[in-house]
Amino acid sequence: MKPGQDLPHHMVQFLKCQSVSCTTSTLGAYATGLRPFARFLQKQDLQLEGLRAQDLADFLGELHERKLVAYTKLNYFLTVKKYLAWEVDNDRAPEEILAAFERSKLPKIPQYL
């Protein structure tokens, strides 16, 4: 199975677009990072068109509850940012949502990394 085939249609389309410039392992990492976001959207019954900064804060809170290391949380969040930027470019998400990705709102990377 190709990376991300279990994701919603638009996320699979995002991965297909990325496949022209990314390795299979990078696509797999993107798919891994998008899965928690896809589950969050489904669980909260959220649509991209109505996504708010508070929704992203709630998503980050859920990642925190999973006790992932900070670097993993950061990678997941940056993958979601890249995905949402792609959705904004395709007019399926509000451009204002990208402001929620200010660096100060992201988990700190441990010094040893």
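The structure presented is a predicted model; accordingly, all values stated were derived computationally and were not measured.

### Quick look at the environment of Gly33
Moving on, step 1. Mapped onto the secondary structure, Gly33 falls in helix α2 (residues 24–43).
Moving on, step 2. Setting aside residues no more than four positions away along its own chain, Gly33 makes contact with Tyr76, Thr79 and Val80.

### With respect to a negative patch on the surface
Moving on, step 1. On the surface, Asp89, Asp91, Glu95 and Glu96 cluster together into a negatively charged patch.
Moving on, step 2. On the secondary structure map, Glu96 appears in the segment after α4 (70–89).
Moving on, step 3. Taking the relative accessible area as the measure of exposure, Glu96 reaches 62% and is therefore exposed.

### Here we look at the packing of aromatic side chains
Moving on, step 1. Taken as a whole and judged by the stated rule, the model has 7 aromatic pairs.
Moving on, step 2. An angle of 65° between the planes, with centres 5.7 Å apart, marks the rings of Phe14 and Trp86 as edge-to-face. Within this pair, whereas Phe14 is found in helix α1 (residues 9–18), its partner Trp86 is found in helix α4, the two being separated by 72 residues in sequence. Across the pair, Trp86 and Phe14 agree in class, each one buried.
Moving on, step 3. With a centroid separation of 5.1 Å and an interplanar angle of 75°, the aromatic rings of Phe37 and Phe59 are classed as edge-to-face. Placement of Phe37 in helix α2 and of Phe59 in helix α3 (residues 53–65) is noted, with a sequence separation of 22 residues between them. Each of the two residues, Phe37 as well as Phe59, counts as buried.
Moving on, step 4. Chaining the aromatic ring pairs together yields one cluster made of Phe14, Tyr30, Tyr83 and Trp86.

Conventions and cut-offs
- Residues numbered from 1 in each chain as written.
- Predicted model: local features only at pLDDT ≥ 70, side-chain atom pairs only at ≥ 80, totals over all residues.
- Heavy atoms only, no water.
- Helix = DSSP H or I, 4+ residues; strand = E, 2+ residues; numbered from the N terminus.
- Contact = heavy atoms within 4.5 Å.
- Patch = residues over 30% accessible without salt bridge, like charges linked within 9 Å, V, L, I, M, F, W, Y side chains within 5 Å.
- Areas by Shrake-Rupley, 256 points an atom, 1.4 Å probe, with all protein chains shown as cover.
- Salt bridge = Lys/Arg side-chain N within 4 Å of Asp/Glu carboxyl O.
- Lys, Arg positive; Asp, Glu negative; His and termini not counted.
- Charge placed at Lys NZ, Arg CZ, Asp CG, Glu CD.
- Buried < 20%, exposed > 50% of the residue type's maximum accessible area, 1.4 Å probe, protein only.
- Phe/Tyr/Trp six-rings, centres within 6.5 Å; stacked < 30°, edge-to-face > 60°.

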